[in-house]
Amino acid sequence: MTAMRRGAPTGAGVDASFDAGSPAGLGADSGVASEGGLGVGSDVGLGVSPEPESETGLGAGSQMGLGMGSEPEPEGGLGGGPTARLGAGRDAGKDPQSEAGLDADSDVGLDVGSESEPEGALGAGRTARLGAGRDAGKEPQLEGGPGVGSNAGLGVGSELGAGRSAGPARLGASLDAGLLSPVSAGTVAAAATSDEAWLQALLDAEAALVRAQAALGVVPERAARTITGLARAEYLDPVAIARQARGAANPVVALVRAFTEVVAAEDAGAAEYVHRGSTSQDIMDTAAMLVAHRTLGPLIADLDGTAAALRRLAAAHRDTVMPGRTLALHAVPVTFGLKAAGWHRGVTQAADRLRALRAERLPVQLGGAAGTLAGYAEYARLDGGRAAGGPDGTDGTPDPHGPGSAEGFDAARFTTRLLAEYARQTGLAEPVLPWHTERTPVAALAAELALTAGVLGKIAVDVQSLSRTETAEVAEPAAAGRGVSSAMPHKRNPALATLVRAAALQVPAAASVLAQAMLSEDERSAGAWHAEWLPLRDCLRLTGGAAATARELVEGLRVFPDRMRDNLGLTGGLVVSERLAVVLAPVLGKVTAKDVVSRAALRAVDRGRPFAEELAGAPELAGVLTEEQVAELLDPAHYTGMAGELVDRALRWGPHGARTAADN
């Protein structure tokens, strides 16, 4: 079953059960069929009458209740009030093992009602859970729900609902709960790029197109209102659409069919205007840009928050001296403020680039079958002004100014206006031409995301290095459970930096796929376009997760100036040998001065003696420098160059990279 009208009965009764080998339903008067089912082909009881073991479902023989009498959540799904549960427990009288499902005797709880997923598939109450074992709903929790296609999941493709009009609940409708991507698990970026979010974006693209056509008088206003009102992801089954997408190699064909059924159930006349004149790629590309636009908003906000925290760090530690390191070794002194200013500059520039891209370079797609807009124009020519009639938009009275008026139909003018109106309805940019095989918008987005991930990854790598036990110059913000080791109780690993670095290593690889997809043949590609969808989601999700994580890292970063100063003394003054060679050059000559200092440095290392003592014993320096002068020259705090001034210069630039008058 692909679609369900609002208000479809999906209640679960006390004595409801699944019949062996039958289409899985829920409740004695079940109105929902299951394609995958909960224990399909098995006798799995749902209610108070435990049935024998299931070979494919949730280890049966347990008492499983679905929030008896609980109220549904407005977003649809399992419905269930604040403590609704579907669980299998020990008190069922037997502890069977499920061959493909969840161990009925295990302590497993899946939090499928995560608050981080406002449009989540299950849409259950705040603490609704899908549980199995002695204590159903027990921690640990998984915020995304059971994964589709998982051998431990519940009936892939099943439609299971509870409540009066919750819509088709989908157990296992989330393809990715974030188990293998902790940097994005539970973040806004994960929710904004979920299957549910993509499905909603596809529907939004369809609805915006109808509204644009209605604004130009070729679709009844009433039809546009109806279609827009029904363009809600909870009315469709993403699992069924995903499976059917194999037939057309994209999900839009199945979506249009299912969505048309939903609209037709409400208004058969309005259903005629769904996807009118359009093609799959128009909708899919527009949806991709909508997903990107929605994901970039909070991503940029996190970058701005990170930049603000780095600005504070740079100012606070303008003159905090620390070892500068090149090729992993101490080089010359720097300041932590300068390091933070460098991080700040990179993050600010990344935010500026993404801000500009989001505002100007995420276009709608509108081209029709082969980029000529012929279908849109032809439907408009045939419908003419008939669609823009009386107050309810249905009486067929011609619009005197519409495309079908006596003035004649101007296809060029109509399609130009349609492009502009579609962009306005979606909030996206207006393209000059259809870009079916001119994939710069997607590749450019991926490139900017790769750069952003790299900027954040640089911060993460530095924090990791500076957090080493033997370095200990900075530390991540502490939090319960953060950085713990499964084996070593003393460990507090730099977990936030690790997550950011992991994301930064992955995004460029995904972006490279999108760059290669620019090699799209003809007017529509067979494969290159299709190859973009998952890598684009990965780029958005990983970078969004990295931005949120980096913000948390930087806002709570702990800095240890005393440790930095101690580390400067590890080389006994060698860290400023460059300064000594420069000062001695006018006296001894550049070559001789460097040679004398180099030999003294080597002796200091070989003998384990302070650098100053070896300099004092160098015959070439007899009478050249006093002991006090040597001590002053070897003080790292006196050799930070223009670090402080560079920090000031960086902070004089505006919050979004604008040059101030002082630097003009």
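Residues numbered from 1 in each chain as written. Predicted model: local features only at pLDDT ≥ 70, side-chain atom pairs only at ≥ 80, totals over all residues. Heavy atoms only, no water.

Points about the overall build of the protein
Inference 1: A tally of regular secondary structure across the protein gives 19 helices and seven strands.
Inference 2: For the protein, the proportion of its 664 residues judged to be buried stands at 51%.
Inference 3: Long-range pairs, those at least 24 residues apart, make up 73% of the contacts in the protein with a sequence separation of at least 6.
Inference 4: Carbon and sulfur atoms make up 54% of the accessible area of the protein, which amounts to about 28400 Å² in all. (Helix = DSSP H or I, 4+ residues; strand = E, 2+ residues; numbered from the N terminus. Buried < 20%, exposed > 50% of the residue type's maximum accessible area, 1.4 Å probe, protein only. Contact = heavy atoms within 4.5 Å. Areas by Shrake-Rupley, 256 points an atom, 1.4 Å probe, with all protein chains shown as cover.)

Brief notes about the side chain of Q365
Inference 1: Counting through the fold element by element, Q365 comes out in the loop between α8 (336–360) and α9 (374–383).
Inference 2: Of the polar contacts made by the side chain of Q365, one reaches the backbone nitrogen of W435; its length is 3.0 Å.
Inference 3: With residues near it in sequence (within four places) discarded, Q365 still touches Q281, D282, D285, T286, Y422, P434, W435, H436 and R439. (Polar contact = N/O pair within 3.5 Å; in protein donor to acceptor, adjacent residues only side chain to side chain.)

Observations regarding helix α12 (residues 495–516)
Inference 1: For α12, with 22 residues, the first-to-last C-alpha span of 33 Å sits near the 32 Å given by 1.5 Å per residue.
Inference 2: In this fold, the buried residues of α12 make contact with α11 (440–466) and α13 (533–555). (Expected span 1.5 Å × (residues − 1).)

Concerning the nonpolar core
Inference 1: Counting 115 residues, the largest nonpolar core has L236, F259, L296, F336, Y422 and L449 as its most contacted members.
Inference 2: Apart from residues lying up to four places away in sequence, F259 is in contact with L203, E206, I227, L230, A231, L236 and V274.
Inference 3: L568, V576, L580 and A593 belong to the second-largest nonpolar core, a separate cluster that totals 21 residues. (Core = buried A, V, L, I, M, F, W, Y, C linked by side-chain atoms within 4.5 Å.)

So, helix α19 (residues 643–652)
Inference 1: All of the buried residues along α19 are A643, G644, V647, A650 and L651. Looking straight down α19, one finds that the buried residues subtend no more than 120° of arc, so they occupy a single side.
Inference 2: In this structure, the buried side of α19 is in contact with α7 (280–316), β5 (329–335) and α8. (Arc of directions from axis to C-beta.)

Description of the packing of helix α2 (residues 195–215) against helix α5 (residues 252–266)
Inference 1: Remark: α2 packs on α5, axes separated minimally by 11 Å, with the N-to-C direction vectors making an angle of 70°. Taken together, the axes of α2 and α5 lie roughly perpendicular to each other. Crossing of α2 against α5: the hand is right-handed. Residue-level inspection shows L199, L202, L203 and E206 of α2 in contact with α5, the latter providing V252, L255, V256 and F259.
Inference 2: Residues of the contact of α2 with α5, tallied by class, amount to seven nonpolar, no polar and one charged. (Axes fitted to C-alpha atoms, helices over the stretch in contact; angles between N-to-C directions. Parallel < 35°, antiparallel > 145°, perpendicular 65-115°, else oblique. Left-handed = near helix turned anticlockwise from the far one by under 90°. Nonpolar A, V, L, I, M, F, W, Y, C, P; charged D, E, K, R; others polar.)

Re the layout of surface pockets
Inference 1: By volume, the largest pocket amounts to about 650 Å³.
Inference 2: Around the largest pocket, the lining comprises 23 residues; the ones closest to its centre are R325, T326, A328, L329 and H330.
Inference 3: For the lining of the largest pocket, the secondary-structure elements that each account for two or more residues are β4 (321–326), β5, α8 and α11.
Inference 4: Take the lining of the largest pocket: its biggest share by element is five residues, from β5.
Inference 5: Its residues assigned to classes, the lining of the largest pocket comprises ten nonpolar, eight polar and five charged. (1 Å grid on protein atoms, 1.4 Å probe; cavity = no way out; pocket = protein on both sides within 12 Å on 5 of 7 lines; lining within 4 Å. Points joined across faces, edges and corners; volume = space filled by probe spheres on them.)

Some points on the packing of aromatic side chains
Inference 1: If you walk through the whole model with that rule in mind, you get three aromatic pairs.
Inference 2: For the ring pair F409 and F414, a centre distance of 5.9 Å and an interplane angle of 45° mean the geometry is tilted. Side by side, F409 and F414 carry an identical accessibility label, which is buried.
Inference 3: Consider the rings of W529 and W533, whose centres lie 5.1 Å apart with planes at 85°: the pair is edge-to-face. (Phe/Tyr/Trp six-rings, centres within 6.5 Å; stacked < 30°, edge-to-face > 60°.)

Notes on the pattern of salt bridges
Inference 1: The final tally for this structure, using the stated rule, is 25 salt bridges.
Inference 2: Among the ionic pairs, R551 bridges to D302, the shortest N-O distance being 3.2 Å. With R551 in helix α13 and D302 in helix α7, this pair connects stretches of sequence that are 249 residues apart.
Inference 3: Residue classification places R551 among the partly exposed positions, given a relative accessible area of 26%.
Inference 4: We classify D302 as buried; its relative accessible area is 16%.
Inference 5: Taking the shortest distance from any N to any O, the salt bridge between K339 and D462 comes out at 3.9 Å. (Salt bridge = Lys/Arg side-chain N within 4 Å of Asp/Glu carboxyl O.)

A closer look at the environment of E266
Inference 1: Within the secondary structure, E266 sits in helix α5.
Inference 2: For E266 and L230, which are 36 residues apart along the polypeptide, the C-alpha to C-alpha distance reads 8.7 Å.

Considerations on the environment of R649
Inference 1: Counting through the fold element by element, R649 comes out in helix α19.
Inference 2: Sequence-wise, R649 and A341 are 308 residues apart; in three dimensions their C-alpha atoms are separated by 9.4 Å.

Quick word on the pairing of β5
Inference 1: Sheet analysis places β4 next to β5, joined by five bridges and oriented antiparallel. Across the sheet, V321 pairs through a bridge with T335, a residue of β5.
Inference 2: Linking β4 to β5, which pair antiparallel, is a turn of two residues; within it L327 sits at a positive phi near 50°. (Pairing = 2+ DSSP bridges.)

Overview of the confidence of the model for the protein
Inference 1: Averaged over all residues, the pLDDT of the protein is 77; the fraction at 70 or higher stands at 68%.
Inference 2: Counting contacts from residues 1–173, a segment whose pLDDT is below 50, to residues more than four positions away or on other chains yields 402 contacts. (pLDDT = per-residue confidence, 0-100.)

Focus on the environment of T348
Inference 1: Residue placement: T348 occurs in helix α8.
Inference 2: For T348 and I300, which are 48 residues apart along the polypeptide, the C-alpha to C-alpha distance reads 9.7 Å.

Notes on the packing of α7 against α13
If you want to describe how two helices pack, look at the angle between their axes and the distance between the axes.
Inference 1: Contact geometry for α7 and α13: axes closest at 8 Å, N-to-C directions at 20°. The orientation of α7 relative to α13 falls into the category roughly parallel. The two elements α7 and α13 cross, and the hand of that crossing is left-handed.
Inference 2: A breakdown of the residues in the contact of α7 with α13 according to their chemical character gives 18 nonpolar, five polar and three charged.

Re the side chain of S278
Inference 1: Within the secondary structure, S278 sits in the loop between α6 (268–271) and α7.
Inference 2: Judged by relative accessible area, which is 14%, S278 ranks as buried.
Inference 3: For S278, the side chain forms a polar contact with the side chain of Y376, separated by 2.8 Å.
Inference 4: Look past the residues within four positions of S278 in its chain and what remains in contact with it is L209, I283 and Y376.

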